[in-house]
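Inside the fold
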Amino acid sequence: MDLINLEEEENKKIRALLVGAPAADISELEGLVKTLGYEIVRSVILNRMEQNPVYGFGKGKAEEIAALSKELECDLIIFDFEISPRKQRNWEKLAKIPVIDRQEVILRIFASRAQTKEAVLQVQLAQLEYARPRLAHSYGDMARQRGGNFGAKGSGETQLELDIRKIREKIQQLKKELEQVVHDRETQRKRREKIPLPTCALAGYTNAGKSSLLNALTGADVFVEDKLFATLDPTTRKLQLKSSIKTSGDEKGFGANILLTDTVGFISNLPHSLVNAFKSTLEEAQRANLILLVLDSSDEKAEFQYNTVVKVLEEIGAEKTPRIIVLNKIDKIEDNPAQLAKMTALFPDAVKISAKTHEGFELLSAKICDELLGEEVDYIIPMDKQFLLNEARKNGIILEENWLDDGIHIKVKGGELKKNPRLSNLLSPHAENPEQAAKSQQEPETTGFKKKFGSDW
């Protein structure tokens, strides 16, 4: 019986009481807490916030919340706003249970999702830097409050948490390890850049369907789950852009390759410690030639989420990177004319797609082509130089191909030709419009395909 009771205790869900600021929408915190697997017993919205150094608001209201947590047999109180180490200490003394804020919730989710060595190191570093000022104000058995189910990455940290000096040493050690991992990532990136494929990053609010879109477009097997931050580590896959080729009597798919990267999902009030910790990961969006800003078209808060993503892109220096707005999950609102009209009005230039049904993929591919691969250029290839046709097929997207009496008429994306000066020079004498061909050789900023190397793009 004792063993059975012990097993039940281990499998018991943590019961949490949520506390939100006045007039706040606490639904996002509820989603975060559910992602952790905690049970939300009740959510409380404060009527007002007072400048109280002890609890952050009036003592009477604080005692009321503490009593409510006891009455509901809660294991944890979670605030939807940041609480200082001193207030956290005061709250835990009052409520006699652990008290955390939104930032620690996000840290715990990231810790549970991290898979690669880099992500694990980044999360551990962010956790220790967050915990360091709080350890001096902790009370009671630290292992009981921060370990076990409430901890982030397993046991063995009790002595570390109780010894601030060792924490500082651990932080320095993690920073050194992370520097090496980041250096290795940079080396891998430079190897990829030796093959000059344009790069495209998927960016968007968490749970917008970025990983599902990557899987649908590239056949990748990135983990997908209907939870916030289902995937944390960036994944890069090669994508062949497809378009309809009009040929004499035949039509088939043909395309050029780009690199498509799925980045970590964004969220409002993303802790700065995580923005800094995941700087190298977020650089995938900063370094990309193009950003696909993915939104969940079925979400009523899509506009707010768009503004949040734009803000984070500005923070990481990617505000000038060309972007295409992608309204995902369009299949969910096809029977909701009001939501569809709202999304169309808010984002008139967006591409409407469904990662589930593949609706809109052809249009999305064409948009990516236009942005990354430059303007269309027309050539007439002599019949005795068909090898140029084969080279063009390998190096660029041929939009049209027609065999006529005066030669083979092709329409290609000029941006791809800039990566192969030899082929470009061979094709130049056969351009229908020499000025158009010359324009396609201008700097990438004029054609939509930015420089792969350097930071001045």
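Below: a short report on this structure. (Residues numbered from 1 in each chain as written. Predicted model: local features only at pLDDT ≥ 70, side-chain atom pairs only at ≥ 80, totals over all residues. Heavy atoms only, no water.)

Some words on the sheet that holds strand β2 (residues 39–45)
- What the four strands build is an open sheet, ordered β2-β1-β3-β4; its pairing is parallel. Across the chains shown, the open sheet's two edge strands, defined by having one partner strand only, are β2 and β4 (99–101). The sheet shows a mean angle of 25° between the axes of neighbouring strands, taken without regard to direction.
- Across the face of the sheet, helix α4 (residues 85–95) comes into contact with β3 (76–79) and β4 while running at roughly 140° to β4.
- Taken strand by strand, helix α5 (residues 102–113) contacts β3 and β4, and its axis lies near 85° from that of β4. (Pairing = 2+ DSSP bridges. Helix = DSSP H or I, 4+ residues; strand = E, 2+ residues; numbered from the N terminus. Axes fitted to C-alpha atoms, helices over the stretch in contact; angles between N-to-C directions. Contact = heavy atoms within 4.5 Å.)

Comments concerning the pattern of salt bridges
- Going through the model one piece at a time under the given rule, you end up with ten salt bridges.
- Residue Lys61 is joined to Glu64 by a salt bridge in which the shortest nitrogen-to-oxygen separation is 3.3 Å. One end of the pair is Lys61 and the other is Glu64, both in helix α3 (residues 59–71) and three residues apart, which spans about a single turn.
- Look at Lys61 and you get partly exposed, because its relative accessible area is 26%.
- The partner of Glu300 in a salt bridge is Lys342, and the shortest N-O contact between them spans 3.4 Å. Highlighted residues: Glu300 in the loop between β10 (290–296) and α13 (302–315) and Lys342 in helix α14 (residues 337–346), separated in sequence by 42 residues.
- For Glu300, a relative accessible area of 52% translates into the label exposed.
- One salt-bridge network, in which partners are shared between bridges, spans Glu28, Asp80 and Arg102. (Salt bridge = Lys/Arg side-chain N within 4 Å of Asp/Glu carboxyl O. Buried < 20%, exposed > 50% of the residue type's maximum accessible area, 1.4 Å probe, protein only.)

Some remarks on the packing of aromatic side chains
- According to the stated counting rule, one finds six aromatic pairs in the structure shown.
- Relative to Phe81, the ring of Phe79 has its centre 5.3 Å away and its plane inclined at 50°; by these criteria the two rings are tilted.
- On the accessibility criterion, Phe81 (17% relative accessible area) is buried.
- Taken together, the ring pairs in this structure connect Tyr55, Phe57, Phe79, Phe81 and Trp91 into an aromatic cluster. (Phe/Tyr/Trp six-rings, centres within 6.5 Å; stacked < 30°, edge-to-face > 60°.)

Quick word on the packing of helix α2 (residues 27–35) against α5
- It is at 10 Å that the axes of α2 and α5 come closest, and there the two elements cross at 40°. Here the hand of the crossing between α2 and α5 comes out left-handed. Across from Glu28, Leu29, Leu32, Val33 and Thr35 in α2, the residues of α5 making contact are Arg102, Val105, Ile106, Ile109 and Arg113.
- For the contact of α2 with α5, the residue count by class is six nonpolar, one polar and three charged. (Left-handed = near helix turned anticlockwise from the far one by under 90°. Nonpolar A, V, L, I, M, F, W, Y, C, P; charged D, E, K, R; others polar.)

Re the nonpolar core
- With 47 residues, the main nonpolar core has Ile78, Leu313 and Phe347 as its most contacted residues.
- In terms of residue count, the dominant contributor to this core is α13 (six residues).
- Non-local contacts of Ile78, meaning those with residues more than four positions away in its chain, are made with Ala16, Leu17, Leu18, Val19, Leu29, Val33, Tyr38, Ile100, Asp101 and Val105.
- In terms of nonpolar packing, the next biggest core, distinct from the first, is built from 23 residues, Leu213, Leu290, Ile324 and Ile353 among them. (Core = buried A, V, L, I, M, F, W, Y, C linked by side-chain atoms within 4.5 Å.)

So, α4
- Among all positions in α4, only Pro85, Gln88, Asn90, Trp91, Glu92 and Ala95 are buried.
- In the stretch just after α4, Lys96 is the one whose phi turns positive, near 65°.

Section: the packing of α3 against α4
- One way to put it is that α3 packs onto α4 with a least axis distance of 9 Å and a crossing angle of 50°. It follows from the interaxial angle that α3 and α4 lie oblique. The two elements α3 and α4 cross, and the hand of that crossing is right-handed. Note on element contacts: α4 touches α3 through Trp91, Leu94 and Ala95, opposite Ala62, Glu63, Ile65, Ala66 and Ser69.
- Class assignment of the residues belonging to the contact of α3 with α4 gives a composition of six nonpolar, one polar and one charged. (Parallel < 35°, antiparallel > 145°, perpendicular 65-115°, else oblique.)

Details of α13
- Counted at 1.5 Å a residue, the expected span for α13 with its 14 residues is 20 Å, and the 20 Å between its end C-alpha atoms agrees.
- Within the sequence span of α13, burial applies to Ala302, Gln305, Tyr306, Thr308, Val309, Val310, Val312 and Leu313.
- Downstream of α13 by one or two residues, Gly317 has phi in the positive range, about 80°. (Expected span 1.5 Å × (residues − 1).)

A look at the sheet that holds strand β11 (residues 323–328)
- Sheet architecture is open: six strands sit in the order β6-β9-β5-β10-β11-β12, paired in mixed fashion. Pairing within the sheet leaves two strands with one partner each, and these edge strands are β6 (235–240) and β12 (351–352).
- By the bridge criterion, four bridges tie strand β5 (residues 199–204) to strand β9 (residues 257–262) in an arrangement that is parallel. Pairing of Cys200 across the sheet is with Leu260, part of β9.
- Together, β5, β9, β10, β11 and β12 form the strand contacts of helix α15 (residues 361–373), whose direction differs from that of β10 by roughly 150°.

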